[in-house]
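Structural features, examined
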Amino acid sequence: MSYNVNTIIANTEALLKLRHDETLISTTPQRLHDCLGTAVMMAINENWTASKKRRESNRKAYYFSAEYLMGRLVYSNLFNLGILDQVKAALAQKGVNLAELEDIEDAALGNGGLGRLAACFLDSAVTCGIPLSGYGLRYRFGLFKQSFDERGSQKEEADDWTRYGDPWSYRRDKHAVKVKFADQTVIAVPYDMPIIGYNTDNIGTLRLWQCEPERELDFDAFNAQDYARALAEKNKAEDITRVLYPNDSTYEGKQLRIKQQYVLCSASLQDILRVYRSTHGSDLSGLSRFVAVQLNDTHPAMSIPELIRLLMADGMEFEQAFQVAKNTFSYTNHTVMSEALEKWNLDLLASVVPEIVEIIKKIDARCRADHPELFIIKDHQAHMANLSVYVSTAVNGVAEIHSEILKRDLFKDWYAVYPKRFQNKTNGITPRRWLGLCNPELTKLLEQYVSPGFLTRLDWLQVLKPLVDSEIVEQFNQVKRAKKEQLCQVIAKREGVELNPDFVFDVQVKRLHEYKRQLMNALSIMDIYLSLKDGSLTDFTPTVFVFGAKSAPGYQRAKAIIRYINQVAKRINNDPDVADRMKVVFVQNYNCSYAEHIIPAADISEQISPAGTEASGTGNMKFMLNGAVTLGTLDGANVEIVEQAGKENNYIFGATVEELESIRDTYDPMAIYNADAHIRRAVDTLVDGTVPTDDELKELHHALLHGASWHKADHYYTLKDFASYQAARLQANRDYRDRQAFGRKCLMNVASAGKFSSDRTIRQYAEEIWHV
Ligand code: 26W
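Residues numbered from 1 in each chain as written. Predicted model: local features only at pLDDT ≥ 70, side-chain atom pairs only at ≥ 80, totals over all residues. Heavy atoms only, no water.

It is worth spelling out the overall build of the chain at this point. From N to C terminus, the chain includes 31 helices and 23 strands. A globule of 772 residues ought to have a C-alpha radius of gyration of about 28 Å, and the chain, at 26 Å, matches this closely. In terms of its C-alpha atoms, the chain occupies a principal-axis envelope of roughly 80 × 70 × 65 Å. Taking all 772 residues of the chain together, 62% fall into the buried category. Long-range pairs, those at least 24 residues apart, make up 76% of the contacts in the chain between residues at least 6 apart in sequence. For the chain, the accessible area works out to roughly 28,400 Å², and carbon and sulfur atoms hold 49% of it. Within the chain, one finds 91 positive and 101 negative side-chain charges whose respective centroids are separated by 3 Å. (Helix = DSSP H or I, 4+ residues; strand = E, 2+ residues; numbered from the N terminus. Rg over C-alpha atoms; globule rule 2.2 N^0.38 Å. Buried < 20%, exposed > 50% of the residue type's maximum accessible area, 1.4 Å probe, protein only. Contact = heavy atoms within 4.5 Å. Areas by Shrake-Rupley, 256 points an atom, 1.4 Å probe, with all protein chains shown as cover. Lys, Arg positive; Asp, Glu negative; His and termini not counted. Charge placed at Lys NZ, Arg CZ, Asp CG, Glu CD.)

Structure, rendered in structure tokens:
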């Protein structure tokens, strides 16, 4: 089990010499990363092979996901192997600082929560010894890199994440498969990434497919000197996995997206059938006894008709193939937002994968025959969520409240027919990356009170609860202060903004979306600013407001919100009147690695979506585990967070799901605006010149003031929740001054975070859905 650090360093040096004629000292961070990564891959190779062997003939689960937000792998792999500190020390001795690898790009093959959840699940499954493999797509370009221009507008740049090599995966040509479309046939080539568990010899696999042409070059065209045509087939194949769609929670009916999804489904299923046949023989009727496939949202839902197609091509009747598929698949829903639900126009679908459409029609006919009130196809569109509910063993939401909403609203008719199919699996996060790695200082403190090993038994943290006294709180506050100092350095370097670590750190980091209400946060900051200016707010604890968020490139309202927040930051940060009391910073290119710096430094975690809109949230759990209080609504996993940690240790505000449902058709924001001078003053800064305005900000202003009945409206109840938000926020801000009492709240959150380990989540999937 123990890995020899000296060998890894020696191999790193040998590789640097061989490949680049360089040494540890003379090389670049990129080359050091590439060679160190390769040396680690050499070290784990035998264990990886042995892990695969051990699992060969057993029942296994497979996670199908269009996204894996793995983040930077070098530190987490070394950490999980238990050699991060040793490698750091060995390199330091040779004059190299491992922190140089902060320059290495994240593997950002995901947008946000859904992709990061997939990455946490892989870590947990391997660590817990659960046989789970991942299948996904190896996008040439991951999520775009973000920067802000002088006006504060988001600019996007391609994320060429493999430019300096990708030491963490092996190409496996021998397992390449063909995938056929109406207009082209491509080769899907697998790249395997080892999933290195924590404190275990067990190594899992994430297999990512990359599209390539059947032939690299059309020689006839080449000889005819038609070079564009000679390369056309290659480009057309490579286009399929060229780029991750940067949309989070908005559906786009794009042909290329169908192709991506179909490659994931078809290649992965072909691979699973190959392995099945090699161990269990050619009769596929017993497939579901050995294979469980989890569909991460509907993005891989074409797997259902594709498996049926493959089974029928093998000679199976439709009805039996349907049963095998039904017993093989399970489906996780990650959103109730209607704009995110995938519906494919049948003509579009047929222009890409005609056989799949025929099978979906058969499934629809079977469904309607049994249950006239249910459907898969409607208005010439295939509803992928319905398909996934109909042909699966289990359907789950990702937090209790979300799973209830699925049964009550989104899948009401389905729940009536299949009540037993519906489950809940509250999300989790891996404590290795989100505590051990990103916050070694807090981990060390906790080790003094909780038995070592709690990173794999996170529920042990609860032994802290009766122990929380003034001494522990004092130590905790010192750790928090150290993490703030570290973050201040990172932000000074990257954003050029100087922050004071004595301030309260109030943080909202997540994708930019109207429903996440970053705008409500910004309006509240504006209200605080103006109240400090006019002298009406006197007892304000100095605060840094931190934002981090990417907007989908075509989502204009979200981009306008980014611009507004950047303008608010500029205005406030340049006003000497408030310099000793507030700062606002919107960090650029928020990603996994940035999160690892930001989250441990937070005092207040902003989780402010209107109740019923955020399926779960997982950032909320990361903040909790690192000792921040939640300023949030009763939405998603916030509900369970306060259930675990106590309302008295968090700041809960806003309308409940039931309240919002009851005012859905009568919500009148204009009345609220007219009745509340603070709201009026804050909202009007969108248009009154307090910050530079524009047409989009005017549109936002307009939307905020109009109720749900109008199409250009704010459907997210910003003004409805504003007053209670502001009250809760100012309460937290005052409470902070009692450093003992506030630190105690933070620690009670840490002590209560056990439930939110993805180890717990993945065990529930394994026991209650996959039966592995
Ligand atoms: C088709 C476009 C599209 C792309 C992504 C639609 C939907 C998505 C995802 C479902 C968006 C997503 O990441 N959802 C988040 O999933 C997390 C993990 O379960 C939850 O914690 C978040 O609440 C949810 O927004």
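Having put the structure on the table, let's press on.
In the vicinity of the ligand there are 23 residues, among which L114, H334, N427, E614 and G617 approach most closely. A distance of 3.3 Å separates an oxygen atom of the ligand from a polar atom in the backbone of A615. Interatomic distance of 3.0 Å between a backbone N/O atom of S616 and an oxygen atom of the ligand. Protein contacts shield 97% of the accessible area of the ligand, which totals 560 Å² for the unbound molecule. Tallying contributions element by element places helix α5 (residues 113–128) first for the shell around the ligand, with three residues. Residues belonging to the shell around the ligand are distributed by class as follows: seven nonpolar, eleven polar and five charged. (Near = heavy atom within 4 Å. Polar contact = N/O pair within 3.5 Å; in protein donor to acceptor, adjacent residues only side chain to side chain. Nonpolar A, V, L, I, M, F, W, Y, C, P; charged D, E, K, R; others polar.)

To continue, consider the sheet that holds strand β14 (residues 377–378). Overall, antiparallel pairing links the three strands, which are arranged β13-β15-β14 in an open sheet. Pairing within the sheet leaves two strands with one partner each, and these edge strands are β13 (343–345) and β14. (Pairing = 2+ DSSP bridges.)

Going through the model one piece at a time under the given rule, you end up with zero disulfides. Looking at C120, it has no disulfide partner, and the nearest cysteine sulfur is the one in C592, 7.8 Å off. The thiol of C128 is unpaired, and the distance to the nearest cysteine sulfur, on C120, comes to 12 Å. (Disulfide = S-S within 2.5 Å.)

This part takes up the environment of T279. When you line up the elements, T279 lands in helix α8 (residues 255–280). When the C-alpha positions of T279 and S57 are compared, they lie 6.1 Å apart, and in sequence the two are 222 residues distant. Here V275 takes part through its backbone oxygen, which lies 2.9 Å from a polar atom of the side chain of T279.

Glancing now at helix α18 (residues 440–447). Regarding α18, the residues found buried are L442, T443, L445 and L446. When α18 is viewed along its axis, its buried side chains cluster within an angular range of 160 degrees and face the same direction. Close packing links the buried residues of α18 with α17 (431–437), α19 (470–495), α23 (619–625) and α30 (739–751). (Arc of directions from axis to C-beta.)

All right, on to the packing of aromatic side chains then. A full pass over the atoms with the stated rule returns 24 aromatic pairs. Ring geometry for F222 versus Y227: centroids 5.4 Å apart, planes at 65 degrees, classification edge-to-face. Through a chain of ring-to-ring contacts, three or more aromatic side chains come together here, namely Y62, F64, Y135 and W209. Above the face of the F144 ring, K550 is positioned so that its terminal group lies 5.5 Å from the ring centre. (Phe/Tyr/Trp six-rings, centres within 6.5 Å; stacked < 30°, edge-to-face > 60°. Lys NZ or Arg CZ within 6 Å of the ring centre and 35° of its normal.)

With that out of the way, let us pick up the pairing of strand β18 (residues 504–509). Judged by how many residues are buried, β18 sits mostly within the fold: six of six residues are covered. The alternating pattern of β18 places V504, D506 and Q508 and F505, V507 and V509 on opposite faces, both of which are buried. Where β18 meets strand β19 (residues 543–548), six bridges bridge the pair, whose relative direction is parallel. From the neighbouring strand, F505 faces β19, where its bridge partner is V544. In this region the chain leaves β18, passes through helix α20 (residues 518–533) and returns to the parallel neighbour β19; the handedness of that crossover is right-handed. Bridging between β18 and strand β21 (residues 604–607) involves two bridges; their strand directions are parallel. Note that in β21 the partner of D506 across the bridge is I604. (Right-handed = clockwise from strand over helix to strand, strands pointing away.)

Let us now look at the nonpolar core. Within soluble globular proteins, side chains that are nonpolar generally end up buried alongside one another. With 263 residues, the main nonpolar core has I363, W414 and Y564 as its most contacted residues. What I363 contacts, discounting residues up to four positions off in sequence, is I304, I308, F318, F322, I376, L387, Y390 and V391. (Core = buried A, V, L, I, M, F, W, Y, C linked by side-chain atoms within 4.5 Å.)

Another aspect to go through is the sheet that holds strand β22 (residues 629–632). Strand order in the open sheet formed by six strands is β20-β19-β18-β21-β22-β23, and the pairing between neighbours is parallel. Edge positions in the sheet fall to β20 (582–587) and β23 (651–652), since each of these pairs with one other strand and no more. Here six bridges tie β19 to β20, and the two strands are oriented parallel to one another. By the bridge assignment, F545 is partnered in β20 with V584.

Within strand β4 (residues 132–137), six of the six residues are buried, which leaves the element mostly enclosed by the surrounding structure. Along β4, one buried face is formed by L132, G134 and G136 and the opposite face, lined by S133, Y135 and L137, is buried too. Pairing analysis gives four bridges linking β4 to strand β10 (residues 203–213), with the strands arranged parallel. Each residue of the ladder has a partner; that of Y135, found in β10, is R207.

A cluster of nonpolar residues, F219, F222 and Y227, forms a patch on the protein surface that exposes about 320 Å² of accessible area. In this fold, F219 is placed in helix α6 (residues 219–223). (Patch = residues over 30% accessible without salt bridge, like charges linked within 9 Å, V, L, I, M, F, W, Y side chains within 5 Å. Salt bridge = Lys/Arg side-chain N within 4 Å of Asp/Glu carboxyl O.)

Going through the model one piece at a time under the given rule, you end up with 62 salt bridges. K234 is paired through a salt bridge with E216; the nearest N and O atoms lie 2.9 Å apart. Taken together, the residues K234 in helix α7 (residues 227–240) and E216 in the loop between β10 and α6 connect sequence positions 18 residues apart. For K234, a relative accessible area of 19% puts it in the buried group. The salt bridge involving D759 is made with R432; its shortest N-O contact spans 2.8 Å. With D759 in helix α31 (residues 758–770) and R432 in helix α17, this pair connects stretches of sequence that are 327 residues apart. Residue classification places D759 among the buried positions, given a relative accessible area of 2%. Of the residues examined, R432 reaches a relative accessible area of 1% and is grouped as buried. Where salt bridges share partners, they join R172, D192, R207, D271 and R274 into one cluster.

As a further point, take unusual backbone geometry. Here the phi dihedral of Q225 falls at roughly 60 degrees; this positive angle occurs in a residue that is not glycine. By secondary structure assignment, the location of Q225 is in the loop between α6 and α7. Positive phi is not limited to glycine here, since D379 has a value of about 50 degrees. Examined against the element boundaries, D379 turns out to sit in the loop between β14 and β15 (381–383).

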